[in-house]
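A closer look at the structure
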Amino acid sequence: MFDYYDIAHILNDIIMESKKIRSALVSVYYKDNLEKIVEILDSFGVKIYSTGGTLEFIKKTVADANSVESLTDYPSILGGRVKTLHPKIFGGILARRDNEKDRKDLQEYEIPEIDLVIVDLYPFAETLASGACHEEIVEKIDIGGISLIRAAAKNCNDILVVSSRTQYSSLIEVLQKKSGASDLSDRVLFACEAFAVTAEYDRQISNYFSSLLNKDTFSLNVSPSNTLRYGENPHQNGVFYGNLNDVFTQLNGKEISYNNLLDIEAALALIGDFEEPTYAVIKHNNACGCASDENPLEAWKKALAGDPVSAFGGIIATNCPVDRQCAEETGKLFFEIILAPEYSDEALKILKLKKNRIILKTKPNRRQQKQFRSILNGVLVQDTDLKTESTADLKVVTKKTPSEKEIVDLLFANKRVKHSKSNAIVLAKDRQLIASGTGQTSRVDALKQAIVKAQHYGFSLTGAVMASDAFFPFPDCVEIAANEGITSVIQPGGSIKDDESIDFCDSAGLSMTVTGYRHFKH
């Protein structure tokens, strides 16, 4: 949302011409908090024109209003489809006050000037999301409203337009601060937001009709925007478009940065794949620690043990409530952010001892169905990888079948490797991430990296399992794994040389399952 008074850097060349509001057109679907606005308008002697339900609403307040029909001498027709589409309405909005010809037309055709337009749009997106039938969805395509908004925004030199109930507080501030008048700076900024509203509305409608034809389209119009301190590096500018309040509530700490948001996205994606109590530590979009345990405190201790050095300065994510004990233990580590669905009062008191520590209370994780990124001179779009394998997806391809304990660890490791930068290998045991190799150009290098890290922190790989984000093109990885004491492997399968890896597992006494799902991540 715009800050309607911090605008000098945007409008420093615009003359702040103040215009008294003498007449207004008010016709809205959502009437929340409208009463205060019409009362303010009435107190400044503004003549109000209105339609249908809005007119009835206004007449129940202390304000008075005139029907649009009394101005146009034409009734609402076609079941309300045509109410305001009339020259006496649009003429009063589009007339240029400093144009002599326009003024003569207004006088000749007895068209009153309209200085303020408060109009919102039918709830198209909400109707679509409700599962309504096609006919109901089409009826929520606004025609008159969007035309009025565009007309008023186009003529922002003279007209103030309010296109959403989210702007009501800003409008009230303008009216009260400027005694029922508006400056050109106000009108331009409201117009800018109006065009953003209509653009997003048209995008939603276009996407709906494209979906009926199975036609691929890409358009995006996201608001509000939040300017960040900088982007990935200090010399890069950064902005987040979207509403973070839909994802979490910030309970403490400093401003969230660009890199923080990348890690938060990675943390929520990973932790969202677990149902059992789980803790994860994220660093540069990869989990350096992750563990599941029925006791959340044990889950945290096991997660931290995976790589206590890399955990320093990372972010902590969990899918279970944080109590006093967990807060005390996590608080021993320096970390930037913690994400959890709930915190006890005692836990919050402990965690807030660090004033810059960002504490986020997460909301139900509804991941977007599509992902996109700018590339070259266009945009890449794909379905989000929402596949989380279960026992039903496992196909044993070796003579030896993994034990129940190994299956639990295989599924755990597979969730972790899914969220690792490719090429990736994950080693796990007892639902604990022992080590991982991520972002390597060779799968063998990824495995060797994981083994070195596991050994560095004193983990025994005997009885551990190995997960790979993609198939093994050669048997070298399973050979190395077997030599380290790893007993079971999970991978997507699909290599023309799968049999070589399977045959080695059979000869070495390892079990192997394939899932049929690759999880590349770049």
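Structure shown above.
Below you will find a few notes about this structure. (Residues numbered from 1 in each chain as written. Predicted model: local features only at pLDDT ≥ 70, side-chain atom pairs only at ≥ 80, totals over all residues. Heavy atoms only, no water.)

1. Observations regarding a nonpolar patch on the surface
Counted only if it meets this: Excluding any residue in a salt bridge, patches collect residues exceeding 30% relative accessible area, merging like charges within 9 Å and nonpolar Val, Leu, Ile, Met, Phe, Trp and Tyr side chains within 5 Å. Surface accessibility in these figures is a Shrake-Rupley result with a 1.4 Å probe; residues are shielded only by whichever protein chains are displayed. When a carboxyl oxygen of Asp or Glu lies within 4 Å of a side-chain nitrogen of Lys or Arg, that pair is called a salt bridge. The helix count covers DSSP runs of H or I at least four residues long, the strand count covers runs of E at least two residues long, and both are numbered beginning at the N terminus. Only protein chains enter the calculation, and the probe is 1.4 Å; a residue is then buried if its accessible area is under 20% of its type maximum, exposed if over 50%, and partly exposed in between.
Taken together, F218, L220, V222, V239, Y241, F372, V379 and V381 make up a surface patch of nonpolar side chains, about 680 Å² in accessible area. Those elements giving two or more residues to the nonpolar patch turn out to be β9 (239–241) and β17 (378–383). Topologically, V222 is positioned in the loop between α10 (184–212) and β8 (225–227). Looking at V222, the relative accessible area reads 32%, which means it is partly exposed.

2. Things to note about the packing of aromatic side chains
In plain terms, the rule: Classification of ring pairs rests on two measures: the distance between centres of Phe, Tyr or Trp rings, Trp counted by its six-membered ring, which must be within 6.5 Å, and the angle between planes, read as stacked under 30 degrees, edge-to-face over 60 and tilted in between. Two conditions define a charge sitting above a ring: the NZ of Lys or the CZ of Arg must be within 6 Å of the ring centre, and it must be within 35 degrees of the ring normal.
On inspection of all chains with the given rule, the structure shows 8 aromatic pairs. The interplanar angle of 75° and the centroid separation of 5.1 Å between the aromatic rings of Y29 and Y30 together place this pair among those described as edge-to-face. Aromatic pair F124 and Y201: ring centres 6.3 Å apart, planes at 70°, arrangement edge-to-face. Here Y201 lies in helix α10 and F124 lies in helix α6 (residues 124–129), a separation of 77 residues in the sequence. An identical accessibility class is assigned to F124 and Y201; each is buried. Here a set of aromatic residues connected by ring pairs shows up, and it is made of F124, Y201, Y208 and F209. A cation sits over an aromatic face here: R165 above Y30, 3.7 Å from the ring centre. Positioned over the ring face of F335 is R357, at 4.4 Å from the centre of the ring.

3. A word on the nonpolar core
Keep this limit in mind: The nonpolar core is taken to be a set of buried Ala, Val, Leu, Ile, Met, Phe, Trp, Tyr and Cys residues, with the residues joined through side-chain atoms within 4.5 Å. We call two residues in contact when some of their heavy atoms are within 4.5 Å.
In this structure, I264, I282, L339 and L360 are the most contacted members of the largest nonpolar core, which totals 35 residues. The element contributing the most residues to this core is helix α11 (residues 258–271), with 7 residues. Excluding residues that lie within four positions of it along the chain, I282 makes contacts with D263, A266, A267, L270, A287, G314 and I315. V68, I146, A152 and I159 belong to the second-largest nonpolar core, a separate cluster that totals 28 residues.

4. Considerations on helix α8 (residues 144–154)
Most of α8 is tucked away: 8 of the 11 residues are buried. Of all the residues in α8, the buried ones are G144, G145, I146, L148, I149, A151, A152 and A153. The inward-facing, buried residues of α8 abut β2 (23–27), α4 (87–94), β5 (116–119), β6 (160–162) and α10.

5. Topic: the pattern of salt bridges
Under the criterion given, the structure shown has 25 salt bridges. The salt bridge partner of D102 is R96, with a shortest N-O separation of 2.7 Å. Residue classification places D102 among the buried positions, given a relative accessible area of 12%. According to the relative accessible area criterion, R96 is partly exposed, its value standing at 44%. Residue E342 is joined to K361 by a salt bridge in which the shortest nitrogen-to-oxygen separation is 3.7 Å. One end of the pair, E342, is in the loop between β14 (337–340) and α14 (345–351); the other, K361, is in strand β15 (residues 358–362), and 19 residues separate them in sequence. Owing to a relative accessible area of 40%, E342 belongs among the partly exposed residues under this scheme. Each of the salt bridges in this network shares a partner with another, and the network as a whole consists of R97, R103, E113 and D115.

6. A short note on the state of the cysteines
Just so we agree on the cut-off: Whenever a pair of cysteine sulfur atoms sits within 2.5 Å, that pair is classed as a disulfide.
Within the structure shown, the criterion is met by 0 disulfides. The structure places no disulfide on C156, whose sulfur is separated from the nearest cysteine sulfur, that of C192, by 9.6 Å.

7. Here we look at helix α18 (residues 498–508)
Stated precisely, the cut-off is as follows: Think of it as the arc spanned by the lines of direction from the helix axis to the C-beta atoms.
Along α18, the positions that sit buried rather than exposed are D498, S501, I502 and C505. Down the axis of α18, the sector holding all buried residues measures 100°, keeping them to one side. Pointing more than 90 degrees away from the buried face of α18 are the exposed residues D499 and S507. In this fold, the buried residues of α18 make contact with α17 (476–483), β22 (488–491) and β23 (511–514).

8. Topic: the sheet that holds strand β3 (residues 47–50)
Paired through backbone hydrogen bonds, the strands of a sheet run either parallel or antiparallel to each other. Stated formally: Between any two strands, at least two bridges found by DSSP are needed for them to pair. Axis definition: a line fit to C-alpha positions, over the contact stretch in the case of helices; interaxial angles, taken between N-to-C directions, run 0 to 180 degrees.
Spatial strand order, β4-β3-β2-β5-β6: 5 strands in an open sheet with parallel pairing. Bordering the open sheet on either side are β4 (66–67) and β6, each of which pairs with just one other strand. Pairing analysis gives 2 bridges linking β3 to β4, with the strands arranged parallel. Across the sheet, the residue bridging to S50 is S67, located in β4. Running at roughly 165° to β5, helix α1 (residues 34–43) makes contact with β2, β3 and β5 of the sheet.

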